Amino acid sequence: MTDKTPTYDDWKTLADKEVKGRDLTWHTPEGIDVKPLYTSDDTEGLDPGVPGIAPFTRGPYASMYTGRPWTIRQYAGFSTAEESNAFYRRNLAAGQKGLSVAFDLATHRGYDSDHPRVVGDVGKAGVAIDTVRDMEILFDQIPLNEMSVSMTMNGAVIPVMAFYIVAAERAGVAQKDLSGTIQNDILKEFMVRNTYIYPPEPSMRIVRDIIAYTSEHMPRFNSISISGYHMHEAGATAVQELAFTIADGKEYAKRAMEAGLDIDAFAPRLSFFWGIGMNFFMEIAKMRAARHLWHDVMEGLGAQNDKSKMLRTHCQTSGVSLQEQDPYNNVIRTTIEAMAAVLGGTQSLHTNALDEAIALPTDFSARIARNTQLVLQHEAGLTNVADPLGGSYYIESLTDALRQEAQKVLDEVEAAGGMTAYVASGEPKAQIERAAASKQASVDRGETVIVGVNKYRREKEDEIDTLDVDNHAVRRSQIARLEKVREGRDEGACLKALDALRKGAGGGANVLALAVEAARHDATLGEISSAMEDVFGRYDTLPTPVRGVFAEAYGDDDRYARVVEGVKAVERRLGHKPKLMVAKMGQDGHDRGANVIASAFADMGFEVLSGPLFQTPEETRDMALEQNVDAIGASSLAAGHKTLIPELIGLLKDAGRPDIKVIAGGVIPQKDYDFLRDAGVQGIYGPGSNVVECAADVLRLLGHNMPPAGEDLEAAE
């Protein structure tokens, strides 16, 4: 036996001998230095408390999963309401406990399926909902008075909520008996996801109206789910996701209070939504720190009820950590992330399917994703103890470090006048984009290892079956139903209800209450959205990607330097810098990939033109011709590549400019590559592509003798 307990210094002396003095400290993207060992000295003065008691660091409920496991709530929706309904019912029969609805991009952006701007978006990446009739079909034979329903909707939140309420009424279910959650988090849309419709201030008014309406009529329904998930997907660090999401929640609560609502009347129905990535312990600590921070925020706003101070959350495993290469590794990634969510204390969970890096999930992959949760619930022993990691030296230290770093950001937000003002400044979006670009550079350089992508890469990838939605067929069926609904309604009563909504939007009336009345008269989603747009306007913005991140990260990289020299050579030959337009066609607002490409190519010397979000192929062509670009990089995420990109190529040919190179990047299944090449696409870069090699390939397309990676550069102009 020793005379004294070994100290950290004793351990460090031994460790230094083993690693010959090499520094084992991990410097995280969050700016936190993680030591290689933690002891009781690191938790001195920290009291994490117990689950169910303020500040709820260890969980919002005392019994946690020992009393009842988390809810398995798989996020899904695709094609038509009929297809999605059948999918939901199969999953519910197989053990899923709650519904989580994904809407297509046309719905998100407030357009009916027959609108000319959404030709390539209908039924892609979610279910198309144009009318109350669509919503009735979506929930056919699903008892809405018993089933909790979560709906991810922000821009077109008013018509979607109205349709849900009226569909339930037609099924004999009263509003007071509805339970679930509407996302209704518009601030993060202006930061990262971009599926907004109206400008910030009227959008915040809509949030307030929904909180007020549900507080009065729907006591079992969560009026907002404050979402860090989309910040996570856009590249935010854990500190950024944590701080900006809590700040969003505070802003919503303050707006509701300013409208005269009692904080304890609505705050217990607020919920949160976190993205869970691959930094296992960081994600656990993030959720624990979030509960502590939210408790303090709500106390500061004057909440008295403990339920107002409890942060309750849904989690989803990360989509951005999924990889197209060696895709069965995604099952492992999802399992690790699901365990982090559970050990962090989530109330419900969605686990991503292995094929979601390239397409919507098949029944096969969705079953594996769902069963991952069932195995964790029933076989892993995770539900036997409330907060099993509570008291861990590392976890408690990391939780406190995250809380402190996030509090610094919260103080900055408060000094700027609150989150609405901070978002309007563009600072949160810029910070997240810098983090995303830095992460991509780290992956491309091999500093961050992605198994099967930048290390342990297979010589030949396995093909996997993916789900393909016939966009044209879905759109035809939606248009037919729209026409039938319009023909069968009382047109005069419908127009009168829409006019009342328009006037109410311009005054002080509750727009959700007026939209419910319009929905009862079968107004469509596009008509309800348009009535409010007449008053509020439609919001547009131009991406302004960050600069300098890649140049700094690649300062000593030979391959990067050769690409930079190649760009200069092309500039000398063309008489101008090679000009790349980065285009986002269709209604998909996820712009992480587009912004990373724009940032990197600009740092390498290209002249980069970032097109506005939501362009049509015609608008992209016009901008490309006006700016005389050499190439167009079409960024695709929502499966519109087979419709929108070929249309763009045809338009360029018709305009006499087939020389403009069209390349495609993003979420594109391998099986679609030949289709795109046959359509005239000259370069395709899927998930996991190395950005520097993409630039080298574009130089080759522009006629420069740029050798493949690993070969010596021969000067060529």
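Basis of the calculations
Residues numbered from 1 in each chain as written. Predicted model: local features only at pLDDT ≥ 70, side-chain atom pairs only at ≥ 80, totals over all residues. Heavy atoms only, no water. Helix = DSSP H or I, 4+ residues; strand = E, 2+ residues; numbered from the N terminus. Rg over C-alpha atoms; globule rule 2.2 N^0.38 Å. Buried < 20%, exposed > 50% of the residue type's maximum accessible area, 1.4 Å probe, protein only. Contact = heavy atoms within 4.5 Å. Axes fitted to C-alpha atoms, helices over the stretch in contact; angles between N-to-C directions. Parallel < 35°, antiparallel > 145°, perpendicular 65-115°, else oblique. Left-handed = near helix turned anticlockwise from the far one by under 90°. Nonpolar A, V, L, I, M, F, W, Y, C, P; charged D, E, K, R; others polar. Pairing = 2+ DSSP bridges. Expected span 1.5 Å × (residues − 1). Phe/Tyr/Trp six-rings, centres within 6.5 Å; stacked < 30°, edge-to-face > 60°. Salt bridge = Lys/Arg side-chain N within 4 Å of Asp/Glu carboxyl O.

## Concerning the overall build of the chain
So, step 1. Of regular secondary structure, the chain possesses 28 helices and 17 strands.
So, step 2. Against the compact-globule benchmark of 27 Å for 717 residues, the chain has a radius of gyration of 26 Å, which places it among compact chains.
So, step 3. On the principal axes, the C-alpha backbone points of the chain span a range of 85 × 75 × 50 Å.
So, step 4. When each of the 717 residues of the chain is scored for burial, the buried share is 59%.
So, step 5. Across the chain, contacts joining residues at least 24 apart in sequence account for 79% of those joining residues at least 6 apart.

## Some details on the packing of helix α24 (residues 592-603) against helix α28 (residues 691-701)
So, step 1. As a packed pair, α24 and α28 sit with axes 10 Å apart at the nearest point and diverge in direction by 65 degrees. The angle between the axes of α24 and α28 places the two elements in the roughly perpendicular class. Relative to α28, the crossing made by α24 is right-handed. Contacts from V596, I597, A600 and F601 of α24 reach α28 at V691, C694, A695 and V698.
So, step 2. Looking at side-chain class alone, the contact of α24 with α28 contains 8 nonpolar, no polar and no charged residues.

## Some remarks on the sheet that holds strand β17 (residues 683-685)
So, step 1. In space, the 5 strands of this open sheet follow the order β14-β13-β15-β16-β17, with parallel pairing throughout. Where the open sheet ends on each side, the last strands, each with one partner, are β14 (607-610) and β17. Taken over all neighbouring pairs, the strand axes of this sheet differ in orientation by 20 degrees on average, direction set aside.
So, step 2. For strand β16 (residues 661-666) and β17, the ladder comprises 3 bridges, and the chain directions are parallel. The partner of A664 across the bridge, within β17, is I684.
So, step 3. Contacting β16 and β17, α28 crosses the sheet at an angle of about 175 degrees to β17.

## Here's the deal with helix α9 (residues 238-258)
So, step 1. Look at α9: 30 Å from first C-alpha to last across 21 residues, which is about the 30 Å you get at 1.5 Å a residue.
So, step 2. Taken across its 21 residues, α9 has 17 buried, putting it largely inside the fold.
So, step 3. Note on α9: the residue one or two positions beyond its end, G260, has a positive phi of about 95 degrees.

## Describing the packing of aromatic side chains
So, step 1. Applying the stated criterion across every chain yields a total of 19 aromatic pairs.
So, step 2. Where Y65 meets W70, the ring centres are 5.1 Å apart and the plane angle is 70 degrees; that geometry is what we call edge-to-face. Judged on exposure class, the residue Y65 and its partner W70 are both buried.
So, step 3. Both rings, one in F272 and one in W274, keep their centres 6.0 Å apart while their planes meet at 15 degrees; by these two values the pair is stacked.

## Points about the pattern of salt bridges
So, step 1. Per the counting criterion, the structure on display carries 54 salt bridges.
So, step 2. Where R486 meets D112, a salt bridge forms, and the shortest distance between an N and an O atom there is 3.2 Å. You can see R486 sitting in helix α18 (residues 471-488) and its partner D112 sitting in the loop between α3 (105-108) and α4 (132-138), a full 374 residues away along the chain.
So, step 3. With relative accessibility at 24%, the residue R486 sits in the partly exposed group.
So, step 4. In this structure, R538 engages E533 in a salt bridge whose closest nitrogen and oxygen atoms are separated by 3.3 Å.
So, step 5. Residue class for E533 comes out partly exposed when judged on its relative accessible area of 27%.
So, step 6. Each of the salt bridges in this network shares a partner with another, and the network as a whole consists of D112, D114, R486, R489, E491 and E527.

## Let's talk about the environment of H590
So, step 1. By the element assignment, H590 lies in the loop between β13 (579-583) and α24.
So, step 2. H590 gets classed as partly exposed once you look at its relative accessible area, which sits at 27%.
So, step 3. Sequence separation between H590 and D556 is 34 residues; the distance between their C-alpha atoms is 31 Å.

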